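These are the residues of each chain, in order.
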Amino acid sequence: MTKRQKQTLARILVTAGLFAALLILEKTGRLEPLGRRQALLFLLPYGLIAYDVLFAAARRIRQGIVFDENLLMLIATIAAFCIGEYAEAVAVMLFYQIGELFQSVAVGRSRRSISDLMEIVPAYANLVQGDAVTQVDPDDVAVGDVILIKAGERVPLDGEVLTGTSLLDTAALTGESVPRRVSPGDAIVSGCINGSGALTVRVTRAFEDSAVSKILELVETASSKKAKTEQFITRFAKIYTPFVTACALLIAVIPSIVTGDWREWLQRACIFLVISCPCALVISVPLGFFGGIGAASRRGVLVKGGNFLEAAAGVTTLVFDKTGTLTQGEFRVTRLLPADGDEETLLRLAALAESGSDHPVARSILAACGETPQAGAVSEWTETPGEGVEALAAGQRLAAGNAKLMARLVIAPPQVETAGTVVYLAADGQYRGAIVIEDAIKDGAAQAIADLRAAGVRQCVMLSGDRQAAAQAVGAQLGLDAVHAELLPAEKVGRVEMLLAEKGPKDILGYVGDGINDAPVLMRADLGFAMGSLGSDAAIEAADIVIMDDDLRRLPTVVRIARKTMRIVRENIWFALGVKLLVMLLGALGIANMWMAVFADVGVSVLAILNAMRTLRIK
Amino acid sequence: MKKKFAMEGVDCAVCAERMAEQIRKLPGVQNASVNFLTQKLILEAEEAQLEAILAAAQKAVGRIDKGARILL
């Protein structure tokens, strides 16, 4: 609790004590001889609890603001005093203050748990100049400077490792708990924690351009992009107070004139004034969105605004890019089909043959083999573009390439059924086997698609620039509803526009891409998800929601968080409005009393805030 | 120019909206918003008049809530 909150608490306790004593005296009939002078006794706790409300109301009047909760609360309680409801007047103020205090503590607590999520800002950087190492503000480090990051320290700026190896904890940025290994030459991103060894790093980006600053900027401005629900509440709040005040005025005047019982109707009007603050809504709705965005960012998903969270809750169609989004975007050896059953020799010979080539196919075979053949092991090496390579190695004349190459060498390899690329290997004119290279589907992609369907996404579509066969294979493996292949980037936009035209007015179409070459499509879709690849600027700029660690399984998570957030927000709106309207109605009919009005005001507010705080903890 | 300032003591959401409204009315201010939850003022204003704007904004904030201020 802050100092201000503690003072309020002390005032509440003293007032409550005094008030309780007075109530006991009143109920036991000891105050009766005082008659109307009782008011003076009740004024004591009233003044103690209400003086700040009084000052605040006075300030409002000077500013010409009439529709203010403080002022209206004051009018209500003074009116209660005038008609002899002393205890009610004090109670309304007392509970109002208790509610306000509770609200302020609850909001403070959510603020803190949100700022804990943002605890990624480094406090200092160790600048290396010659032999000297000095601690400086990360802002003062220039691009090209060398910094030292000790074990356990937070990486202050984006850079490239010069010396040292270590394990980086990226959990604060990506939600990913498996540390990532870095060694000289690797790029590292600010905000991570250096786990094990000291690193010297050459800075590649100034602090204001670093990943940490970008992310922080994003999350902090996220709440300025308000969801439609939030905008509605802001507009609603503006008319709510004048409306309720007007009702109170009407109730105080018209029936009093008609019936002559002004005392009764004044009392009923007071009930309206006590419920005149839209506090429950104006605090709990933004808090709900804020909590939802916080919960997503704790899982490595950056949502750029409440409006996007709202949209994510309504996603019914998801369109995926293939390469780099559903697949890993790099070619890998997925099958070895040796003619004689010896996989290892097949791979080793192929690697020997390919060792001189820089073709992606050659690189993936070399990567699969693991060892790089020694220089000089290969001679008479030739590469024929569009066919393959030939070389003399290990005493054999090797040929590795596609069907065309085999045909030229008059070798008839068996058919291999695959959507990927096939590399045939021949040695001394003999067919030795085939190697299948594919762009492998990402881990968890199938799981992600299944979970998305469970979360309510009706249609999953894939767009790809790749060959029909390769695209269809991926689509079939993941169980997608439709696959459109061999598309140029501009045609992808066209496809998305067609899908946009087909969908219903309330359906939301999301596009998931890697954000670099997909920017136009990301912009065109209702909601753009980018696979963020830690700190890639293009992705962060173009998309509305950024998946920091490229894991497709974050998609169902964020849809679920969005849905739950919207549910909590709606619960609060209906609950708060429902109780307020009900109490007003009962108040007008003379059934509700002041106590119920206080509950409809601060009680509802506190409950709605507690409910909204649940968004912070959505799993 | 767009700049962010930390605030303290912004204790009610309705007041935050009122503060933003008052600051938006100041000369040289293009846009302003006060975020009640993050306690931040986001100000879009003429760089040259920044000092005067901030002084006036500080006063406006204090008028609406005595305990609130912009941290400069």
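For the structure itself, look to the data block above.
Being a predicted model, the structure only gives us computed values, none of them experimental. (Residues numbered from 1 in each chain as written. Chains lettered and ligands numbered in written order. Predicted model: local features only at pLDDT ≥ 70, side-chain atom pairs only at ≥ 80, totals over all residues. Heavy atoms only, no water.)

A.B. asks: I keep staring at the overall build of chain B and nothing clicks. Help me out?
C.D. replies: Each helix and strand counted, chain B has two helices and four strands in total. Going from N to C terminus, chain B has its helices and strands arranged as β-α-β-β-α-β. In terms of principal-axis extent, the alpha carbons of chain B reach across some 30 × 20 × 20 Å. Long-range pairs, those at least 24 residues apart, make up 57% of the contacts in chain B between residues at least 6 apart in sequence. Accessible surface, chain B: about 3,400 Å² in total, of which carbon and sulfur atoms supply 50%. (Helix = DSSP H or I, 4+ residues; strand = E, 2+ residues; numbered from the N terminus. Contact = heavy atoms within 4.5 Å. Areas by Shrake-Rupley, 256 points an atom, 1.4 Å probe, with all protein chains shown as cover.)

A.B. asks: Where do I start with the pattern of salt bridges in this structure?
C.D. replies: Any two side chains of opposite charge can pair, so long as their charged atoms come close to each other. Residues and elements named next belong to chain A. One pass over the full model with this rule turns up 20 salt bridges over all chains. Taking the shortest distance from any N to any O, the salt bridge between Asp-507 and Arg-458 comes out at 3.1 Å. Highlighted residues: Asp-507 in the loop between helix 17 (489–502) and strand 20 (508–513) and Arg-458 in the loop between helix 15 (445–454) and strand 18 (459–463), separated in sequence by 49 residues. For Arg-458, a relative accessible area of 55% puts it in the exposed group. Salt-bridge contacts for Glu-571 lead to Arg-567; the nearest nitrogen and oxygen are separated by 3.7 Å. One end of the pair is Glu-571 and the other is Arg-567, both in helix 20 (residues 554–589) and four residues apart, which spans about a single turn. Put simply, Glu-387, Glu-390 and Arg-408 are held in one network by salt bridges that share partners. (Salt bridge = Lys/Arg side-chain N within 4 Å of Asp/Glu carboxyl O. Buried < 20%, exposed > 50% of the residue type's maximum accessible area, 1.4 Å probe, protein only.)

A.B. asks: Where do I start with the interface of chain B and chain A in this structure?
C.D. replies: At the junction of the two partners, chain B supplies 23 residues and chain A supplies 22 residues. Here chain B meets chain A over a buried area of about 1,900 Å², counting both sides, of which 50% is carbon and sulfur. In terms of surface lost to chain A, no three residues of chain B exceed Lys4(B), Arg18(B) and Leu37(B), which account for 30% of the buried area on that side. Arg4(A) serves as the salt-bridge partner of Asp65(B), at 3.3 Å between the closest nitrogen and oxygen. Our count for the contact surface shared by chain B and chain A stands at three residue pairs in polar contact (both at pLDDT 80 or more). Elements that contribute at least two residues to the side of chain B that touches chain A include exactly helix 1 (13–24), strand 3 (40–45) and helix 2 (50–64) of chain B. For the side of chain B that touches chain A, the leading source of residues is helix 1 of chain B, giving six residues. Class assignment for the residues of the side of chain B that touches chain A results in nine nonpolar, five polar and nine charged. (Buried area = accessible area lost by both parts, 1.4 Å probe. Polar contact = N/O pair within 3.5 Å; in protein donor to acceptor, adjacent residues only side chain to side chain. Nonpolar A, V, L, I, M, F, W, Y, C, P; charged D, E, K, R; others polar.)

A.B. asks: What should I look at first to understand helix 1 of chain B in this one?
C.D. replies: Because the α-helix completes a turn every 3.6 residues, residues three or four places apart line up on one side. A rise of 1.5 Å per residue sets the reference length of helix 1 of chain B, with its 12 residues, at 16 Å; its end C-alpha atoms lie 17 Å apart and thus fit the reference within 8%. Within helix 1 of chain B, burial applies to Ala13(B), Cys15(B), Ala16(B), Arg18(B), Met19(B), Ala20(B) and Ile23(B). Next to the buried residues of helix 1 of chain B lie helix 2 (38–63) and helix 9 (279–298) of chain A together with strand 1 (2–8), strand 2 (29–35), strand 3 and helix 2 of chain B. (Expected span 1.5 Å × (residues − 1).)

A.B. asks: Can you help me understand helix 10 (residues 306–313) of chain A in this one?
C.D. replies: When you tally the buried positions in helix 10 of chain A, you get seven out of eight residues, the bulk of the element. Those residues of helix 10 of chain A that sit buried are Gly306(A), Phe308(A), Leu309(A), Glu310(A), Ala311(A), Ala312(A) and Ala313(A).

A.B. asks: Looking at this model, I keep getting lost on the environment of Leu37(B). Mind explaining?
C.D. replies: Among the secondary structure elements, Leu37(B) is positioned in the loop between strand 2 and strand 3. Leu37(B) has contacts with Val107(A), Arg111(A), Pro286(A), Leu287(A) and Phe290(A), leaving out every residue within four places of it along the chain.

A.B. asks: Please explain a negative patch on the surface as it appears in this structure.
C.D. replies: Together, Asp137(A), Asp139(A), Asp140(A), Glu208(A) and Asp209(A) make up a region of like negative charge exposed at the surface. You can call Glu208(A) exposed: its relative accessible area is 60%. (Patch = residues over 30% accessible without salt bridge, like charges linked within 9 Å, V, L, I, M, F, W, Y side chains within 5 Å. Lys, Arg positive; Asp, Glu negative; His and termini not counted. Charge placed at Lys NZ, Arg CZ, Asp CG, Glu CD.)

A.B. asks: Got a minute to help me understand the packing of aromatic side chains in this structure?
C.D. replies: Two aromatic rings, taken as a pair, are described by how far apart their centres are and by the angle between their planes. All names here are of chain A. Per the stated rule, a full pass over the model turns up nine aromatic pairs over all chains. Aromatic pair Tyr-51 and Phe-55: ring centres 6.3 Å apart, planes at 75°, arrangement edge-to-face. You can see Tyr-51 and its partner Phe-55 sitting in helix 2, four residues apart, about one turn around the helix. Classification of Tyr-51 as partly exposed rests on a relative accessible area of 39%. Ring centres of Tyr-424 and Tyr-431 lie 6.3 Å apart, and the angle between their planes is 55°; this geometry places the pair in the tilted category. Members of the aromatic cluster, joined through ring pairs, are Phe-19, Phe-42, Tyr-46, Phe-81 and Tyr-86. The ring centre of Trp-265 lies 4.2 Å from the NZ or CZ of Arg-268, which sits over that ring. (Phe/Tyr/Trp six-rings, centres within 6.5 Å; stacked < 30°, edge-to-face > 60°. Lys NZ or Arg CZ within 6 Å of the ring centre and 35° of its normal.)

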